[in-house]
Structures are given as structure tokens and as C-alpha cells.
Amino acid sequence: MSHIKNIAVLTSGGDSPGMNAGIRAVIRSGIYHGMNMFGIRRGYDGMVQGDIMAMDAKSVANIIQRGGTILKTARSEEFKTLEGRKQAYENLKKHNIDALVVIGGDGTFTGASKFIEEFDIPIIGMPGTIDNDLNGTDFTIGYDTAINTVVDAVDKIRDTAESHDRLFVVEVMGRDSGLIALRSGISTGAEAVLIPELEVDYDAIMKRLDKTRKNKASRIIIVAEGDKEGGLVVAEKIKANFPAYDVRVSILGHIQRGGKPTCMDRVLASRLGVAAIEGLLEGRKGEMAGLICGNVQFTPFSKAIKHIDKINTNLTRIVEILSL
Ligand code: ATP
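Our subject in this report is the structure included herewith. (Residues numbered from 1 in each chain as written. Predicted model: local features only at pLDDT ≥ 70, side-chain atom pairs only at ≥ 80, totals over all residues. Heavy atoms only, no water.)

### Here's the deal with the sheet that holds strand β9 (residues 246–251)
If you walk across this open sheet you meet the four strands as β7-β8-β6-β9, and the pairing is parallel. A single partner strand is all that each edge strand has here, and the edge strands are β7 (192–194) and β9. This sheet shows a mean twist of 20° between the axes of neighbouring strands, independent of strand direction. Relative to β9, strand β6 (residues 166–172) runs parallel, the two being bridged by six bridges. By the bridge assignment for β9, Val169 is matched with Val249. In the packing of helix α6 (residues 179–187) onto the sheet, contacts are made with β6, β7 and β8 (219–224), and the angle to β8 comes to roughly 160°. (Pairing = 2+ DSSP bridges. Helix = DSSP H or I, 4+ residues; strand = E, 2+ residues; numbered from the N terminus. Axes fitted to C-alpha atoms, helices over the stretch in contact; angles between N-to-C directions. Contact = heavy atoms within 4.5 Å.)

### A short note on unusual backbone geometry
A positive phi angle is found at Asn62, which is not glycine, with a value near 60°. On the secondary structure map, Asn62 appears in the loop between β3 (52–55) and α3 (82–94). For Asn62, a relative accessible area of 57% gives the class exposed. The residue Asn132 is not glycine, and still its phi comes out positive at about 55°. Secondary-structure assignment places Asn132 in the loop between β5 (123–127) and α5 (143–164). (Buried < 20%, exposed > 50% of the residue type's maximum accessible area, 1.4 Å probe, protein only.)

### Comments concerning the site of the ligand
The environment of the ligand is made up of 18 residues, and the closest members are Arg75, Ser76, Asp106, Gly107 and Thr108. With respect to the ligand, the backbone of Gly105 contributes an N or O atom lying 2.9 Å from an oxygen atom. One of the side-chain nitrogen or oxygen atoms of Lys114 is found 3.4 Å away from a nitrogen atom of the ligand. Contact with the protein chains removes 86% of the 630 Å² of surface that the ligand exposes when unbound. Top element by residues in the shell around the ligand is helix α4 (residues 106–119). It accounts for six residues. (Near = heavy atom within 4 Å. Polar contact = N/O pair within 3.5 Å; in protein donor to acceptor, adjacent residues only side chain to side chain. Areas by Shrake-Rupley, 256 points an atom, 1.4 Å probe, with all protein chains shown as cover.)

See the structure below:
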């Protein structure tokens, strides 16, 4: 029998579409299992400040389809200090909170690990980030929505590129990870995809552009923001090699974080929210609930945050083969 009675949930780090579906799943499955449920506003900052409220089934009604996070999210410098974490622990004690679910990325799980070590409170994580850069889950909550937003935007850019015979360099999000760029590049028929994980072979790209020049009215090159040079520099290099090209740059920016979560993100967040509560009640702590090959699995925070290279070089080949 678990001693846990009162569980709180928070969202932390960058927001991602599907966090609301995750909050809903945590609150409702907690109530289903007889728990008293709480929400902490603004991530660890709210925990340090004591911004904690009781939540019931109704408080998460009509949010599954909304982007962002109703609990809001923040970055907290205070939580990085022992003093800040002590203050956060005192605030949890005031509400008799004896377990936490944190939805966020690697920073969130690093903070959670320290908190468990220092105060021995059970915490389960859910992967909430558009970057899909965590170990222990095939997909993170928000990634599918973000790539679909990129695909929609690039399809529109392709229309104007085609009408004007232009080459567009489109910069997409992904600080250290090219996964958004790679998948959206395949789905939009991009001529090249530049990602931080792989050395850019400019010669090969230029040759490819040259070879296919006569066949194409429009060209799209997707560049991940974490690429060493970024969209503007890439565009200049192409322009220098092909002065006749009408080269334009589009930096998609924060639209990639917002919007209604896709069906896939809603289902993922719902499954992982239920798993997080059931994991806590089984006595788990310091682990992230993730989905691997369709099955829920738990991975220790220390492993989940190790940045692994999820880049499948088969996918980079596909871009090359299909851009003839
Ligand atoms: P994303 O990468 O999607 O933005 P994230 O969870 O990695 O998500 P961060 O801003 O890196 O986002 O981390 C969220 C919060 O976790 C930080 O604001 C901080 O409060 C806490 N945190 C991060 N690193 C540490 C650490 N080393 N010690 C204690 N707390 C930490």
C-alpha cells in the first residue's frame, strides 16, 4: 500500500503543446486513484514562492485541446540554489504534498533529481519538450505538434517559392537537436536539411542544387536553429555560389511552440499522465515515464537527460535520394 495521498503537478522549462493534456491526465488519474491533487503555477518558481492550489476534475475540463500550459511555466534561478529548494520543500509541506509529477525537459529532471536526493520526495517526470531530445521515449510531448506546424508553414512557403522560382532557407527550432528539421524536411520534400548533429557538406549541397537546377522551380532548405551557422549565413553561402537564385530566408520562431496539440500528442500525454500517477503509487521515483515502441516504460532521470543522438542516418539519406 502506498503512503501517498497528496500529489502535485507542475510544468517547467519551455512550454510545449500537449502539456495541458498531460496536466489533465495527471489530475484526473490521481483523483481516480483516490488522491488529493494540486497544481503548482510557474514550475519550480511557483514551488519556491508557494504558488500552489488544489485542483479537481473540473479544473482541467476543456483544456485537452489547448496549447501552452494552464499552470504556466517558468525558469527558476532560485531553485538552482539549496536555499531555494529548501523554501520549495517547506511550501510542499504546508500543503502536505508527498509526491510530485514534473512535466518538462532535461533541466527540469536535473532539478527534480537534486530535490529527491535532498528531501527524499518521490517525483516522476513526463517528457514535455518540442525538441524530442530525451532518452527513454520515442517521442516527447509536443514534438508531433511542432513538426506538423513546421510542415504546414513550409507547405505555404513552398507555394510562394514555386510561384516566384525562389529558393527558401527555412530555419526551424532545435537548439541541439535536428529532429524537428529532419522529419519536417522529409515531409515537405526539402532539397537539403542542415542539422547540428552532422557536419554540413556544402560542396555536396551545392552540387545537388546545381544538378537539379533545371528540374525545379522552387527549392526549400531546412536549417535547424542549432546548426553552426544558422539560416541567414546558409542563405548567403548559397547566394554566393548561385548569384542567379532568388534566395529568401524565413525563420519560423515561436509559432512552433504554440497551437492545438495533435491527436498523437494528446494520446501520448494522456497515457504518460496516467502512467506517472500509477508509477508513483507503485513506489517509483526519480524516473521519467516514456513511450518506447508503443509501450510505457520508465527511465531513470540520469539516463533520460543524457543527450543521445537520435538521428537516424537512414532519414538523412532519404532527403538526399528524394530530392532529385
Ligand atoms: P526545455 O529544454 O524544453 O526548455 P528544460 O526542462 O530543459 O525544458 P530548463 O530551463 O533547462 O528547461 O530547466 C527548467 C528548470 O529546471 C530551471 O529553470 C531550473 O529551475 C531547474 N533546473 C535546471 N537545471 C538545474 C540544476 N542543475 N539544479 C537545480 N535545478 C535546475
